[in-house]
Amino acid sequence: MTMNPAHGAIGSDEVDTREAQQNSFADIGGNGEPHREARRVNNDPRANKQKGNQVRRDRRDVHGWVVLDKPIGMTSTQAVAVLKRLFNAKRAGHAGTLDPLASGGLPIALGEATKTVPFVMDGRKRYRFTVCWGEERDTDDIEGRVTATSDQRPTREAIEALLPRFTGIIEQVPPRYSAIKVQGERAYDLARDGEVVELAPRPVEIHHLTLVDQPDNDRAVFEAECGKGTYVRALARDMGRILGNFGHICALRRTLVGPFSENDMIPLDQLEALCDRAASGEGSLADALMPVETALDDIPALAVTRADAARLHRGQAVLLRGRDAPTSSGTVYVTVAGRLLALAEVGNGEIIPKRVFNLTGLTASTGRNERN
């Protein structure tokens, strides 16, 4: 068996990370609840279900990642439902919520890729966002109610002098309208009911924060690269308060999520066109999928023999033997004959499987295994 380091990850108006991780494993439906497949009545697995004049196809096994370039106005839950329908997939979930106001990268896991969602959510995120000065809003974005105003506008020099205060590990108070739970209730639900929501500050990490444009006195465009749990809306709010002129997000685009960059994104209209061509036999939906293991780029890969693979597939540990056996410990992803087999822990001279993959069904085209 041999071990090779995988490529490092290039790498959140975002929800509370723990909640997002739980939702990402779910098979999310349009109402935010898990999809539940209808119980099969006809024992023939090839049979279609018919209700009135509508024919519903059996869901199928689809495994891989689709990085949707989410359009403005669509919720993340809606996006998952759309892709699940387009691929006729049994399971789907996303790796980090994007607000309807935001556009850009929404990684959607299909099938066995849902097992790798935490690795994407733990990665860096990059955002390009526009702050409108002169107003603070209760949602910290353009959709909220104005709560404070100012006639002052910041200079470029004042903005740039402020940025180091928002770089590194900082304390950040999440927006009142967020998915964080307060005594069992979502903060945004309490805020919408008119309750005063007091959220405690928490540490987040901002790797880079740059002023990239100032098209006029009322607007400034920034780029931020940050760790999980960061709220870009809170950045705009806090910068506006310190500058004394208030501010809120009026445009937001996510350009990086863990290993997925803008080069990996596919707009919804292109995806729908691909699905139409595939339905007519002119293409394959596999061309839109990225391999499940793409999410694991920043952890080591471990190749095993077919005999060891059989043990791991049964959930049994495998002893590390020979001069080439890895001496390091920690999480690895295991492959056999170049195919993803399992997530495992290496330690005490053995490989212990934690999550085993069953990639029977539709997977990414061979060419998608090579990153651009």
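Residues numbered from 1 in each chain as written. Predicted model: local features only at pLDDT ≥ 70, side-chain atom pairs only at ≥ 80, totals over all residues. Heavy atoms only, no water.

### Observations concerning the overall build of the protein
Thought 1: What the protein contains, in helices and strands, is eight helices and 22 strands.
Thought 2: Each of the 372 residues in the protein was classed as buried or not, and the buried ones make up 51%.
Thought 3: In the form shown here, the protein has an accessible surface area of approximately 18,300 Å², with 45% of it arising from carbon and sulfur atoms. (Helix = DSSP H or I, 4+ residues; strand = E, 2+ residues; numbered from the N terminus. Buried < 20%, exposed > 50% of the residue type's maximum accessible area, 1.4 Å probe, protein only. Areas by Shrake-Rupley, 256 points an atom, 1.4 Å probe, with all protein chains shown as cover.)

### Quick look at the nonpolar core
Thought 1: Formed by 27 residues in total, the largest nonpolar core has its most connected members in F129, V131, I159, L209, F222, M239 and I249.
Thought 2: At the level of elements, β7 (125-133), α4 (156-162), β13 (202-216), β14 (219-226), α6 (232-243) and β15 (247-257) are the ones that each hand at least two residues to this core.
Thought 3: For this core, the element with the highest residue contribution is α6, accounting for five residues.
Thought 4: Discounting residues that sit within four places of it in the chain, F222 has contacts with Y127, R128, F129, V131, W133, I159, L163, L209, T210, L211, V212 and M239.
Thought 5: Core analysis: the next-biggest nonpolar cluster, separate from the first, contains 26 residues, V66, V80, F87 and L285 among them. (Core = buried A, V, L, I, M, F, W, Y, C linked by side-chain atoms within 4.5 Å. Contact = heavy atoms within 4.5 Å.)

### Quick notes on the state of the cysteines
Thought 1: Within this structure, the stated rule accounts for one disulfide.
Thought 2: Note on cysteine connectivity: C132 is disulfide-linked to C250, with sulfurs 2.3 Å apart. An S-S torsion of about 85° defines the bridge between C132 and C250 as right-handed. Here C250 lies in strand β15 and C132 lies in strand β7, a separation of 118 residues in the sequence.
Thought 3: A relative accessible area of 18% places C250 in the buried class. (Disulfide = S-S within 2.5 Å.)

### Comments concerning the packing of helix α2 (residues 76-87) against helix α7 (residues 268-279)
Thought 1: Relative orientation of the contacting elements α2 and α7 amounts to 15°, with a least axis distance of 10 Å. As summarised for this structure, α2 and α7 are arranged roughly parallel, according to the angle between their axes. For the pair α2 and α7, the sense of crossing is left-handed. For the pair formed by α2 and α7, the contact residues are V82, L83, L86 and F87 on the first element and L268, L271, E272 and C275 on the second. (Axes fitted to C-alpha atoms, helices over the stretch in contact; angles between N-to-C directions. Parallel < 35°, antiparallel > 145°, perpendicular 65-115°, else oblique. Left-handed = near helix turned anticlockwise from the far one by under 90°.)

### Some thoughts on unusual backbone geometry
Thought 1: At D140, a position not held by glycine, the phi torsion is positive, near 65°.
Thought 2: Position of D140 relative to the elements: it lies in the loop between β8 (135-137) and β9 (146-149).
Thought 3: Given the relative accessible area of 3%, D140 is considered buried.
Thought 4: The phi torsion at A337 lies on the positive side, around 55°, for a residue other than glycine.
Thought 5: Within the fold, A337 resides in the loop between β20 (330-336) and β21 (339-347).
Thought 6: Judged by relative accessible area, A337 falls into the exposed class, the value being 63%.

### Comments concerning the environment of R176
Thought 1: Within the secondary structure layout, R176 lies in the loop between β10 (168-172) and β11 (181-182).
Thought 2: Considered as a pair, R176 and E198 are 22 residues apart in the sequence and their alpha carbons are 7.4 Å apart.

### Focus on the pairing of strand β4 (residues 64-70)
For a regular strand, side chains alternate in direction, first toward one face of the sheet and then toward the other.
Thought 1: Of all the seven residues making up β4, seven are buried; the element is thus mostly covered by neighbouring parts of the structure.
Thought 2: On β4, burial covers both faces: G64, V66, L68 and K70 on one face and W65, V67 and D69 on the other are all buried.
Thought 3: Sheet topology note: the β4/strand β6 (residues 103-110) ladder contains seven bridges and is antiparallel. Considered in β6, the bridge of L68 is made with L106.
Thought 4: Sheet topology places β4 next to strand β17 (residues 265-267); three bridges connect them, and they run parallel. Following the sheet pairing, D69 is matched in β17 by P267. (Pairing = 2+ DSSP bridges.)

### Quick look at α7
Thought 1: Between its terminal C-alpha atoms α7 stretches 16 Å, which fits the 16 Å expected from twelve residues at 1.5 Å a residue.
Thought 2: Here α7 has its buried residues at L268, L271, L274 and C275. Seen from one end, α7 has its buried residues packed into an arc of 120°, which puts them on one side. In α7, the exposed residues that point more than 90 degrees away from the buried face are D269 and D276.
Thought 3: Buried residues along α7 sit against β4, α2 and β17.
Thought 4: Where α7 ends, the next residue or the one after it, G281, has phi of about 85°, a positive value. (Expected span 1.5 Å × (residues − 1). Arc of directions from axis to C-beta.)

### Points about the packing of aromatic side chains
Thought 1: Following the criterion strictly, the structure yields three aromatic pairs and no others.
Thought 2: Between the aromatic rings of W65 and F260, the centroid separation amounts to 5.3 Å while the plane-to-plane angle is 45°, which identifies the pairing as tilted. Taken together, the residues span a long stretch of sequence, with W65 in strand β4 and F260 in strand β16 (residues 260-261) at a distance of 195 residues. This pair shows no difference in class: W65 is buried, exactly as F260 is. (Phe/Tyr/Trp six-rings, centres within 6.5 Å; stacked < 30°, edge-to-face > 60°.)

### Some remarks on helix α8 (residues 306-313)
Thought 1: Those residues of α8 lying buried are D308, A309 and L312. Mapping the buried residues of α8 onto a view down its axis gives an arc of 105°, with all of them on the same face. The exposed set on the far side of α8, more than 90 degrees from its buried face, consists of R306 and A307.
Thought 2: Against the buried residues of α8 lie β19 (318-319), β20, β21 and β22 (350-356).
Thought 3: Of the residues trailing α8, G315 is marked for its positive phi of about 85°.

Everything listed here is a matter of coordinates, which is why it stays silent on function.
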